[in-house]
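Observations on the three-dimensional arrangement
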Amino acid sequence: MNVGNNIGNLNMLIFKQISNRHKELGFDITPVQAMIIMGVYNNESLCQKDIEQFVTCNKSTLSSVLDTMEKNGLIMRIEDKYDSRKKIISLTDKSNDIAKVLEKDCGYMDDLLTAGLSQDELEIFNSVIDKMINNLERN
């Protein structure tokens, strides 16, 4: 059994499903952009370093994603009043509207993923995932 391949396949299917769902909702955003929008939406102020904590990509990739989002009118970078080297990521009205829709739609993927699973199966699944994450974090 190749656990890594199974997780990779599941990840790709989830990514595709989320992308399709965004299109159904009328948004031209990637799942990573949606994660950033929701992260900023749910926090008062985040800088790029903060976003790196919940978006798993390297600094240059994240910088490129943020550049694209800024170009597309989804975010603004505002100079931190306490540290001029730091840029605070702020949402535009456009991305605030997207965040409100995504917030209402947040259960869609969970419902899709967990259809037909019992509470016991979900608890076992979450326990196994937690153990795998711990294994990787220890390395």
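Keep in mind that this is a model prediction, so the values were computed, not measured. (Residues numbered from 1 in each chain as written. Predicted model: local features only at pLDDT ≥ 70, side-chain atom pairs only at ≥ 80, totals over all residues. Heavy atoms only, no water.)

**With respect to the side chain of S95**
Along the chain, S95 turns up in helix α5 (residues 93–104). At 3.0 Å, the side chain of S95 forms a polar contact with the backbone nitrogen of T92. Discounting residues that sit within four places of it in the chain, S95 has contacts with I37 and L74. (Helix = DSSP H or I, 4+ residues; strand = E, 2+ residues; numbered from the N terminus. Polar contact = N/O pair within 3.5 Å; in protein donor to acceptor, adjacent residues only side chain to side chain. Contact = heavy atoms within 4.5 Å.)

**Points about the pattern of salt bridges**
A side chain of one charge can pair with a side chain of the opposite charge if their charged atoms are brought near each other. As enumerated under the stated definition, the model contains six salt bridges in all. With its nearest N and O atoms 3.6 Å apart, the salt bridge here joins K87 to E79. Where D83 meets R85, a salt bridge forms, and the shortest distance between an N and an O atom there is 3.1 Å. Judged by its relative accessible area of 25%, D83 is partly exposed. The network of salt bridges with shared partners includes R21, E24 and D105. (Salt bridge = Lys/Arg side-chain N within 4 Å of Asp/Glu carboxyl O. Buried < 20%, exposed > 50% of the residue type's maximum accessible area, 1.4 Å probe, protein only.)

**Some points on the sheet that holds strand β1 (residues 46–47)**
The strands making up a sheet are joined through hydrogen bonds of the backbone, oriented either antiparallel or parallel. In spatial order, the strands read β1-β3-β2; together these three strands make up an open sheet with antiparallel pairing. With one partner strand each, in any of the chains shown, β1 and β2 (75–79) form the two edges of the open sheet. Relative to strand β3 (residues 87–91), β2 is paired through five bridges, and the arrangement is antiparallel. Directly across from R77, in β3, lies its bridge partner I89. (Pairing = 2+ DSSP bridges.)

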